[in-house]
Amino acid sequence: MGWSPERDAPAAAVPPLSVERVTLRYHTDAGVVTAVEDVSFTIAAGERLALLGPSGCGKSTLLRAVGGFLKPSSGEIRLRGVPVRTPGPDRMVVFQEFDQLLPWRTVAGNIAFALRRARRLGRAEADARAREWAGRVGLGAFADAYPHTLSGGMKQRAAIARAFAVQPDILLMDEPFAALDALSRRRMQDELLNLCEETGATCLFVTHAIDEAIHVGTRILVLTPHPGRVGAEYRVSDDARERGSAAFGALETEIQQRIFGTLASRPASGREGRAAHAPDAQVIAHVG
Amino acid sequence: MSDSALAPTARHVLPTLGPGARRLVLLVALALGWELYARWLGNSLLLPTFLETLAALWENLRNGELPERVRASLAILLSGYAIGIVLAALLTALAVLNRWGESLLGLLTAMFNPLPAIALLPVALLWFGIGGSSLIFVTVHSVLWPLALACHAGFRAVPATLRMAGRNIGLTGPAYIVHLLIPAALPSILSGLRLGWAFAWRTLIAAEMVFGASASEGGLGWFIFTNRSQLETANVFAGLLTVILIGLAVETFVFATLNRFTVQRWGQEA
Ligand SMILES: Nc1ncnc2c1ncn2[C@@H]1O[C@H](COP(=O)(O)OP(=O)(O)O)[C@@H](O)[C@H]1O
Ligand SMILES: [Mg+2]
């Protein structure tokens, strides 16, 4: 691309996030593990990219690299054109684990502290905004509760509120609902979707559940395991987002076949029959 | 059937009391046991009665002897404790910041933690002579290693997710230590402080008994020791009682309160 990371570059030209041929390795005592190999993608403003793949295929590793917690062995990750070097509040992360809130601060305290550190807000303003955000995720009555008194779903809500409140360039979510029961998971997916649509947030959402990827994402990137590479990419049309709709089911079947096709090593059959299975799904690219 | 029939009766025999009241009842029972046994024994040179001990305690408090000894001991204890905390903090900070520091801490604690502080007393006497400095030296030794070990273990045990969450909101350097590592490791730090306090108190009382010469400056340990050699057994017991009471007071008022307002409230208890 011909752009340079200058301040006056048109916002539309520079994607909020670009991952360019990134390879991620772990150096362990047992040797070098390549978790992610040669992965490239960009996320446009307001887009929600669902990173879908079976467990162990390197989704969290990739998310940690985007978060700045892990340095790529090769390739480059750019945030608004600027190479990512360190973690920072311009990429707020919501983790899968429930222990991501500071146990010594209340729900509002956690959000307010993030606002003070990341946005340099004064105490009063940070607190007011924190309470507003606690209310927006349904934790208004629990704003003064300490995390250990909350259920898993409520803790995840608080973490989501903290991430949104900081208004990052991009939200990074690593299977935030994976440890919840099925009912809470559905509710939280809907609530997250509403928040994203209200705020127009740009998201990178990691999941191993196909239905979650379709419901939450505007675009889906399928990773194949060992090492993680981009297997396929799908754009989710608005009518496919509706759970239980024909388009939803068709896309789900389509992706399922793609993933199981790869795992069961059915070489070309899945690739050719795709259009017939999913007339509504726009398949943009197949790689690998 | 027989079990369930017995259980409620057994519970009815003892009135339901809170933990504080239960403790008080037990204390009274122990004091009563002491009093009765000592009276039965009838040898106040070996074991004075509880009431004799209380009287000796009162007498020594009134004549200013005991308060002066307590003051002398606490002054040494607090200096040693404070120096120990500062050194432990420096050593742990070094260990958190770099690998060499970590290895150094590991090595030093492995070497010195098993070494009884009293065993260092001869060295202390050689270096600092008889007096406060030697006592402070052994007290520092008794606090430093267990505290540094506890702090370091606490820092290492901070969950990876919490660390990442902290760095995510932009905490780096000293702010990361102050706003993330220390509060996250507080359960370990507090238990290290508690342990360090207990060690320091024991070490100091023991070390004071070895110090014969500087009687005018002597603390509680010295008070106990000199009264034993003068066969003032009631005073010896009054001194021991004072040691116990101060330990209990610090435990319940300082550490229990610190715990209640921090880690207990945050659900962080280890
Ligand atoms: N800290 C680590 N050290 C070594 N290997 C790791 C580490 N974290 C993850 N891996 C390996 O990298 C691969 C991808 O892991 P991960 O990114 O957690 O997958 P996912 O999130 O998709 O389940 C796995 O094979 C895993 O064993
Ligand atoms: Mg994962």
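Residues numbered from 1 in each chain as written. Chains lettered and ligands numbered in written order. Predicted model: local features only at pLDDT ≥ 70, side-chain atom pairs only at ≥ 80, totals over all residues. Heavy atoms only, no water.

## Remarks on the interface of chain A and chain B
Tallying the contact residues gives 24 residues for chain A and 20 residues for chain B. Summed over both partners, the interface of chain A with chain B comes to about 2,000 Å²; 66% of that surface belongs to carbon and sulfur atoms. Linking chain A with chain B are 0 salt bridges. One can count 7 residue pairs in polar contact (both at pLDDT 80 or more) joining chain A with chain B. If you list the elements that add at least two residues to the side of chain A that touches chain B, you get β6 (91-94) and α2 (107-119) of chain A. Among the elements that line the side of chain A that touches chain B, the one with the most residues is α2(A), at 4 residues. Looking at the side of chain A that touches chain B, its residues break down into 14 nonpolar, 3 polar and 7 charged. (Contact = heavy atoms within 4.5 Å. Buried area = accessible area lost by both parts, 1.4 Å probe. Salt bridge = Lys/Arg side-chain N within 4 Å of Asp/Glu carboxyl O. Polar contact = N/O pair within 3.5 Å; in protein donor to acceptor, adjacent residues only side chain to side chain. Helix = DSSP H or I, 4+ residues; strand = E, 2+ residues; numbered from the N terminus. Nonpolar A, V, L, I, M, F, W, Y, C, P; charged D, E, K, R; others polar.)

## Some details on the sheet that holds strand β2 (residues 31-43) of chain A
All names here are of chain A. What the 4 strands build is an open sheet, ordered β2-β1-β4-β5; its pairing is antiparallel. At either margin of the open sheet sits one strand with a lone partner, and together these are β2 and β5 (82-83). Pairing of strand β4 (residues 74-79) with β5, which is carried by 2 bridges, proceeds in the antiparallel orientation. Bridging across to β5, leucine 79 finds its partner in valine 82. Each of β1 (17-28), β2 and β4 touches helix α1 (residues 59-67); the most contacted strand, β1, lies at about 115° to it. (Pairing = 2+ DSSP bridges. Axes fitted to C-alpha atoms, helices over the stretch in contact; angles between N-to-C directions.)

## Notes on the pattern of salt bridges
Residues and elements named next belong to chain A. Scanning the model with the defined rule gives 26 salt bridges over all chains in all. Between aspartate 144 and arginine 131 there is a salt bridge, with its nearest N and O atoms 2.8 Å apart. Separated by 13 residues along the polypeptide, aspartate 144 in the loop between α3 (123-136) and α4 (152-165) and arginine 131 in helix α3 bring together distant segments of the chain. Classification of aspartate 144 as exposed rests on a relative accessible area of 52%. Put simply, arginine 187 and glutamate 191 hold a salt bridge, and the shortest N to O gap is 3.7 Å. In this pair, arginine 187 and glutamate 191 both sit in helix α5 (residues 182-199), 4 residues apart, roughly one turn of the helix. Here arginine 187 falls in the exposed class, since its relative accessible area comes to 53%. Shared partners join several salt bridges into a network, and the residues in it are Glu20, Glu76, Arg78 and Arg85. (Buried < 20%, exposed > 50% of the residue type's maximum accessible area, 1.4 Å probe, protein only.)

## Here's the deal with the domain arrangement of chain A
Residue and element names in this part refer to chain A. The domain architecture assigned to chain A consists of domain 1 (14-90 + 169-287) and domain 2 (102-167). Listed as interface residues are 16 residues of domain 1 and, on the opposing side, 13 residues of domain 2. The largest contributions to the domain 1 side of the interface with domain 2 come from Pro89, Met188 and Leu195, which together make up 40% of the buried area. Glutamate 191 serves as the salt-bridge partner of arginine 157, at 3.2 Å between the closest nitrogen and oxygen. Across the contact surface, domain 1 and domain 2 share 3 residue pairs in polar contact (both at pLDDT 80 or more). For the side of domain 1 that touches domain 2, the elements supplying multiple residues, two or more each, are β7 (170-174) and α5. Looking at which element gives the most residues to the side of domain 1 that touches domain 2, the answer is α5, with 8 residues. Across the side of domain 1 that touches domain 2, the residue classes break down as 11 nonpolar, 1 polar and 4 charged. (Domains from an automatic or database assignment.)

## Considerations on the UniProt feature "transmembrane region" (unreviewed entry) in chain B
Residues and elements named next belong to chain B. Here, UniProt's "transmembrane region" (unreviewed entry) annotation points to residues 72-97, 103-128, 135-155, 175-197, 204-225 and 237-258. Spanning residues 72-97, this segment combines 100% helix with 0% strand, and its end C-alpha atoms are found 38 Å apart. For residues 103-128, helix accounts for 69% and strand for 0%, while the C-alpha atoms at its two ends are 29 Å apart. (UniProt positions renumbered as here; feature names shortened; annotations may be inferred.)

## Observations concerning the nonpolar core
A general feature of soluble globular proteins is that nonpolar side chains tend to end up buried together. One finds Ile111(A), Phe164(A) and Leu192(A) to be the most contacted residues of the largest nonpolar core, which totals 101 residues. Tallying contributions element by element places helix α9 (residues 173-210) of chain B first for this core, with 16 residues. Split by domain, this core shows at least three residues from each of two domains, domain 1 (14-90 + 169-287) and domain 2 (102-167) of chain A. When neighbours within four sequence positions are excluded, Ile111(A) is seen to be in contact with Ala130(A), Trp133(A), Ala134(A), Ala158(A), Ala161(A), Arg162(A) and Ala165(A). Ranked by size, the runner-up nonpolar core spans 32 residues in total, among them Val19(A), Val22(A), Ile43(A) and Val230(A). (Core = buried A, V, L, I, M, F, W, Y, C linked by side-chain atoms within 4.5 Å.)

## Concerning the confidence of the model for chain B
Residues and elements named next belong to chain B. Averaged over chain B, the pLDDT score is 87; the fraction of residues at 70 or greater is 92%. Model confidence for chain B, summarised as mean pLDDT per element, is weakest for helix α1 (residues 2-13) at 52 and strongest for helix α8 (residues 160-168) at 95. Every residue in residues 1-6 scores below 50 in pLDDT, and together they form 0 contacts with partners more than four places removed in sequence or on other chains. Predicted as a complex, the structure gets a pTM of 0.82 and an ipTM equal to 0.84. (pLDDT = per-residue confidence, 0-100.)

## Quick notes on the pairing of strand β3 (residues 48-52) of chain A
Residue and element names in this part refer to chain A. Counting buried residues along β3, 5 of its 5 residues qualify, which places the element largely inside the surrounding structure. By the alternation rule, side chains of β3 split into Arg48, Ala50 and Leu52 and Leu49 and Leu51, which are all buried. Judged from the 5 bridges that link them, β3 and strand β8 (residues 203-207) form a sheet pairing that is parallel. Opposite leucine 52, over in β8, you have threonine 207 as the bridge partner.

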